[in-house]
Amino acid sequence: MTLKKIRSGERHDIYFYMDDDENCPAGAYLQELQNGGKRERQDAAVLVRRINDLSNFGPPRLKEHGHPLQGGEGVCELKASNGARLFWFYARGGIVVCS
């Protein structure tokens, strides 16, 4: 698994997963949202803010902002108000990987 570091915070370093062709699905998803309509751009901004908060303060405390997925074996989600979601999990060394 190849990882691309996108953020260093007080609590965690955040990485995006890169596939075998060095595509970054999470980054492409955020870019797609940023290129969308008003609601999609709002969701992109919220998810970026949630990533920054995750790196500095740890997992969201409010379920509306994100939570572990039931039966997800350690996979969690960050949520935006209009329905966009970004999945993440802890990897070795306490780093966070978004996919």
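Look up a bit, the structure's there.
The notes below deal with the structure included here. Because the structure is predicted, anything quoted here is derived from the model rather than measured.

## Considerations on the environment of leucine 30
Part 1: Mapped onto the elements, leucine 30 comes out in helix α1 (residues 25–34).
Part 2: Considering only alpha carbons, one finds leucine 30 and phenylalanine 57, 27 residues apart in sequence, at a separation of 21 Å.
Part 3: Ignoring sequence-local partners within four residues, the contact set of leucine 30 consists of Phe16, Ala44, Leu47, Val48 and Ile51.

## Comments concerning the nonpolar core
Part 1: Of all hydrophobic cores here, the largest spans 20 residues; its most connected members are Phe16, Leu47, Ile51, Trp88 and Cys98.
Part 2: Secondary structure elements with two or more residues in this core: β2 (13–18), α1, α2 (38–57), β4 (76–79), β5 (85–90) and β6 (96–98).
Part 3: Looking at which element gives the most residues to this core, the answer is α2, with five residues.
Part 4: Ignoring sequence-local partners within four residues, the contact set of phenylalanine 16 consists of Thr2, Leu3, Lys4, Ile6, Cys24, Ala26, Gly27, Leu30, Ile51 and Cys98.

## As for the side chain of histidine 12
Part 1: One can find histidine 12 in the loop between β1 (2–8) and β2.
Part 2: In this structure the side chain of histidine 12 is engaged in a polar contact, spanning 2.9 Å, whose partner is the backbone oxygen of glycine 94.
Part 3: Those residues in contact with histidine 12 that lie beyond four places of it in its chain are Arg7, Leu54, Ser55, Gly58, Tyr90, Gly94 and Val96.

## Digging into α2
Part 1: Here α2 contains 20 residues, and its C-alpha end-to-end distance of 28 Å stays within 8% of the 28 Å for a straight helix at 1.5 Å per residue.
Part 2: Where the residues of α2 are buried, they touch β1, β2, α1, β4, β5 and β6.
Part 3: Downstream of α2 by one or two residues, glycine 58 has phi in the positive range, about 95°.

## Digging into the pairing of β4
Part 1: Here β4 shows two buried faces, one formed by Cys76 and Leu78 and the other by Glu77 and Lys79.
Part 2: By the bridge criterion, three bridges tie strand β3 (residues 66–68) to β4 in an arrangement that is antiparallel. Following the sheet pairing, glycine 66 is matched in β4 by leucine 78.
Part 3: Where β4 and β5 come together, four bridges link them in antiparallel fashion. In the sheet register, glutamate 77 faces β5, and the bridge partner there is phenylalanine 87.
Part 4: Turn length for the β4-β5 hairpin, with the two strands adjacent in sequence and antiparallel, is five residues, and the turn residue glycine 83 shows positive phi of about 110°.

About the cut-offs
- Starting from 1, residues in each chain are numbered consecutively following that chain's sequence as written.
- With pLDDT at 70 or above as the cut-off, local features in this predicted model cover only qualifying residues; side-chain atom pairs require 80 or more to be listed or tallied, and sums for whole chains, interfaces and linings still use all residues.
- The side-chain numbers reported here are obtained from all heavy atoms of the structure, hydrogens and water having been left aside.
- The helix count covers DSSP runs of H or I at least four residues long, the strand count covers runs of E at least two residues long, and both are numbered beginning at the N terminus.
- The contact definition used throughout considers only heavy atoms, calling two residues in contact when any of these lie within 4.5 Å.
- Put simply, buried Ala, Val, Leu, Ile, Met, Phe, Trp, Tyr and Cys residues joined by side-chain atoms within 4.5 Å make one nonpolar core.
- For every residue, the accessible area (1.4 Å probe, protein chains only) is compared with the maximum for its type, and the residue is labelled buried under 20%, exposed over 50%, or partly exposed between those bounds.
- Identification of polar contacts relies on pairs of N or O atoms within 3.5 Å, with a donor-acceptor requirement for protein atoms, meaning one able to donate a hydrogen and the other able to accept it, and with residues adjacent in sequence counted only if both atoms are side-chain atoms.
- Take the residue count of a helix, subtract one, and multiply by 1.5 Å to get its expected span.
- One bridge is not enough; two strands pair if DSSP finds at least two bridges between them.

Shape descriptors only; they carry no functional weight alone.
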